[in-house]
Amino acid sequence: MLVLVIRTLILYAVVVLSIRIMGKRQIGEMQPSELVVAIMISDLASVPMQSIEIPLLAGIIPVLTLLVGEVTMSFISLKSKRARRYITGEPSILVYKGHINEGELERLRFNLNDLMEQLRLSGCPNPCDVQVAVLETNGQLSVMEKGKNDFSELPYIFIADGDVNESELARAGKTRSWLTEKVGNDVKNIFIAISTDGRTLHIQKKGEKDR
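Note that the structure is a prediction, hence the values are computed from the model and not measured. (Residues numbered from 1 in each chain as written. Predicted model: local features only at pLDDT ≥ 70, side-chain atom pairs only at ≥ 80, totals over all residues. Heavy atoms only, no water.)

## Focus on the packing of helix α1 (residues 2–22) against helix α2 (residues 32–50)
Then step 1. Running from N to C, α1 and α2 point in directions that differ by 170°, and their axes come no closer than 9 Å. When the axes of α1 and α2 are compared, the pair comes out roughly antiparallel. Taking contact as the criterion, the partners of Leu4, Arg7, Thr8, Leu11, Tyr12, Val15, Ser18, Ile19 and Met22 in α1 are, on α2, Glu34, Val37, Ala38, Ile41, Ala45, Pro48 and Met49.
Then step 2. Its residues assigned to classes, the contact of α1 with α2 shows twelve nonpolar, two polar and two charged. (Axes fitted to C-alpha atoms, helices over the stretch in contact; angles between N-to-C directions. Helix = DSSP H or I, 4+ residues; strand = E, 2+ residues; numbered from the N terminus. Parallel < 35°, antiparallel > 145°, perpendicular 65-115°, else oblique. Contact = heavy atoms within 4.5 Å. Nonpolar A, V, L, I, M, F, W, Y, C, P; charged D, E, K, R; others polar.)

## A closer look at the pairing of strand β1 (residues 92–96)
Then step 1. Summarising the sheet, β1 and strand β3 (residues 130–135) pair through four bridges and their orientation is antiparallel. Of the residues in β3, the one forming a bridge with Ile93 is Val134.
Then step 2. Bridge count between β1 and strand β2 (residues 99–100): two bridges; the pairing is antiparallel. Bridging from a neighbouring strand, Tyr96 pairs with His99 of β2.
Then step 3. The turn linking β1 back onto β2 is made up of two residues, and Lys97 within it adopts a positive phi angle of 55°. (Pairing = 2+ DSSP bridges.)

Pasting the structure below:
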């Protein structure tokens, strides 16, 4: 009995440490890959808990393997925008200025009932009252209601991680030459260039010390 208790405590510590290393997200905020890894880790750790005949390493080694795989994927998505798009996906605008994006709903297999449910849960049941509704990569819907925000538009992120976001330029009605006039040609060294009104830019370069 004592051996079983000790094995359980060891596996418990390994699982807690693994989840802690994965990050501080709550379960509802996890990316799909993170949620899958969390479920698999708990399932693998439970196997050697059920019987002392199963070697303890039979639970620890697979858990650590999944942990290394998840940390590696997180590092790759941090460094590569293209990999990030495939691993975690990108936010999608489902409602813009009261207009529901039917094509985006179809692409995401997100039906109208799901959208209306999420809008009701967000306290804005009428899509006509929605300025912007964004389906985040973790599956949550972020809703900005008309007239209840300091600004009426979703911020324009023109540059992220040194890459120009052409779709954001198009949404703001701006051109690449306009952006070059604002930031110069050294785009790769810009961490983020963001605007709330489509005119004034806030620019932060890579490597700037945190305040």
